[in-house]
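The primary structure of each chain is shown beneath.
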Amino acid sequence: MSGPLLKVDNLRVSFPSPDGPTEVVKGVSFAMGRERLGIVGESGSGKSLTGRAILRLIRPPGRVTADRIAFDGTELTGLSGRKMRAIRGARISMVMQDPKFSLNPVMTMGDQIAEALTVHGARMSRAKLRSRVLEMLEKVRINDPERVMQMYPHEVSGGMGQRVMIAMMLIPEPDLLIADEPTSALDVSVEAQVMDLINDLIVQNGMGLILISHDLDLVARYCDHVLVMNAGEVVESFDAVNMAAAQHPYTKGLLAAAPRMNETREFLPVLDRSAWEGT
Ligand SMILES: Nc1ncnc2c1ncn2[C@@H]1O[C@H](COP(=O)(O)OP(=O)(O)OP(=O)(O)O)[C@@H](O)[C@H]1O
Ligand SMILES: [Mg+2]
């Protein structure tokens, strides 16, 4: 592959307000290969909107503009809805932090993973489909995949639900995963397991990862390169190994204030089903 996997130039997101449009993402630019890029910043800094805007998952009246969003040589701005849907899910998957897009409560885990594969038109026999789903559950280190396939979302723990979602995201073999706070609902011990799993799968499959988090420690541990956002802008970027040399006062503040978040969180961040199904 030549050229970057993803190149974003001057990405802007705005919403209407009584005083006219308010810009909340203010000209974000970056380029990445098949590497692990972290986007870090405090709540409201525009991290999630940046991820969603790349996938055109921002609904009106939100407005997105960019000079360029090039994915593997294809310009995504101005792409038809149909072509964009073909890219979402199949080539770029996203785990959303927003809990309202949950696993389908009335569908077994096995059927949901199978659907993630067939929704883009993959045709295969039921037996083949079943073996792919089992194989994927094993990859995400679920011990008893035959049993878990038959289970419904309410029957599994948060950590297991997250593994099933990772299986769903990765079964179409995308080139890029955008993970928006993928572990923020999990205990710290399970968080490390799930992050290690995401990391192993990304590295094994030679994929790109955009990891979105408010946690600079986490991002530095699992990413090659870090972008720091503040108030809609990228204020600093550095290789994770050089984090200690971060210059920007805002980043220094984040570094100083980096206690691990371990208060109880209410929501399980879940897969945005529209990432497969389109909007
Ligand atoms: N639909 C919307 N209408 C108006 N403003 C919005 C909308 N969605 C987000 N915003 C605003 O845009 C800003 C950035 O939001 P975003 O969700 O990207 O933040 P974030 O960095 O992901 O924060 P968090 O860490 O809390 O998830 C916030 O100030 C938010 O209030
Ligand atoms: Mg967010």
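Residues numbered from 1 in each chain as written. Chains lettered and ligands numbered in written order. Predicted model: local features only at pLDDT ≥ 70, side-chain atom pairs only at ≥ 80, totals over all residues. Heavy atoms only, no water.

Some remarks on the nonpolar core
Condition: Definition of nonpolar core: a set of buried residues of the types Ala, Val, Leu, Ile, Met, Phe, Trp, Tyr and Cys, connected through side-chain atoms within 4.5 Å. Throughout this description, buried means an accessible area under 20% of the type-specific maximum (1.4 Å probe, protein chains only), exposed means over 50%, and partly exposed covers the range between. Strands are runs of DSSP state E lasting at least two residues, helices are runs of H or I lasting at least four, and both sets are numbered from the N terminus onward. Note on contacts: a residue pair qualifies if any of its non-hydrogen atoms lie within 4.5 Å across the two residues.
Formed by 53 residues in total, the largest nonpolar core has its most connected members in I113, I166, L170, L177, I198, L211 and V226. The element contributing the most residues to this core is helix α6 (residues 158-170), with 7 residues. The contacts of I166, once residues within four sequence positions are left out, are V140, V194, L197, I198 and L201. Residues L5, I58, L76 and I210 belong to the second largest nonpolar core, which totals 31 residues.

Let's talk about helix α7 (residues 188-205)
Since the α-helix turns once every 3.6 residues, residues separated by three or four places project in the same direction. The criterion, for reference: Here the expected span of a helix is defined as 1.5 Å times the quantity of residues minus one.
Taking 1.5 Å per residue, 18 residues should reach 26 Å; α7 reaches 26 Å between its end C-alpha atoms and fits that length. Residues E191, V194, M195, L197, I198, N199, L201 and I202 constitute the buried set of α7.

Topic: the confidence of the model for the chain
Worth spelling out the cut-off: pLDDT measures the predictor's confidence residue by residue and takes values from 0 up to 100.
Taken residue by residue, the chain gives an average pLDDT of 86. The fraction at 70 or more is 89%. At the low end of the mean pLDDT range in the chain sits helix α10 (residues 274-277), at 43; at the high end sits strand β1 (residues 6-15), at 98.

Thoughts on unusual backbone geometry
Looking along the chain, the bond that leaves P60 and enters P61 is cis, with omega of 10°. Its place among the elements puts P61 in the loop between α1 (47-54) and β4 (63-65). Positive phi, normally seen in glycine, also occurs at E173, with a value near 55°. The residue E173 is located in the loop between α6 and β8 (176-180) in this model. Of the residues examined, E173 reaches a relative accessible area of 60% and is grouped as exposed. Located in the positive-phi region is A231, a residue other than glycine, with phi close to 50°. Its place among the elements puts A231 in the loop between β10 (225-230) and β11 (233-239). The exposure class assigned to A231 is partly exposed, which follows from its relative accessible area of 42%.

As for the pattern of salt bridges
As a reminder of what qualifies: For salt bridges, the criterion is a side-chain nitrogen of Lys or Arg within 4 Å of an Asp or Glu carboxyl oxygen.
For the structure on display, the rule yields 11 salt bridges. Close ionic contact of R68 with D9 constitutes a salt bridge, the shortest N to O distance being 3.1 Å. Remark: D9 occurs in strand β1 and R68 occurs in strand β5 (residues 68-71); sequence separation between them is 59 residues. With a relative accessible area of 18%, D9 lands in the buried category. Residue R91 pairs with D175 through a salt bridge whose shortest N-O separation is 2.8 Å. A residue pair is termed long-range when its members are at least 10 positions apart, and R91 in the loop between α2 (81-87) and β7 (92-95) and D175 in the loop between α6 and β8 qualify at 84 residues. For R91, a relative accessible area of 28% gives the class partly exposed. Of the residues examined, D175 reaches a relative accessible area of 15% and is grouped as buried.

A few points about helix α9 (residues 249-256)
To be explicit about the condition: To obtain the arc, one takes the directions from the helix axis to the C-beta atoms.
Every buried residue of α9 is accounted for by Y250, T251 and L254. Each buried residue of α9 sits inside an arc of 95° when the element is viewed along its axis, so together they form one side. Structural note: α9 exposes P249 and A256 on the side pointing more than 90 degrees away from its buried face. Looking at the buried residues of α9, the elements they touch are β3 (36-40), α8 (216-222), β10 and β11.

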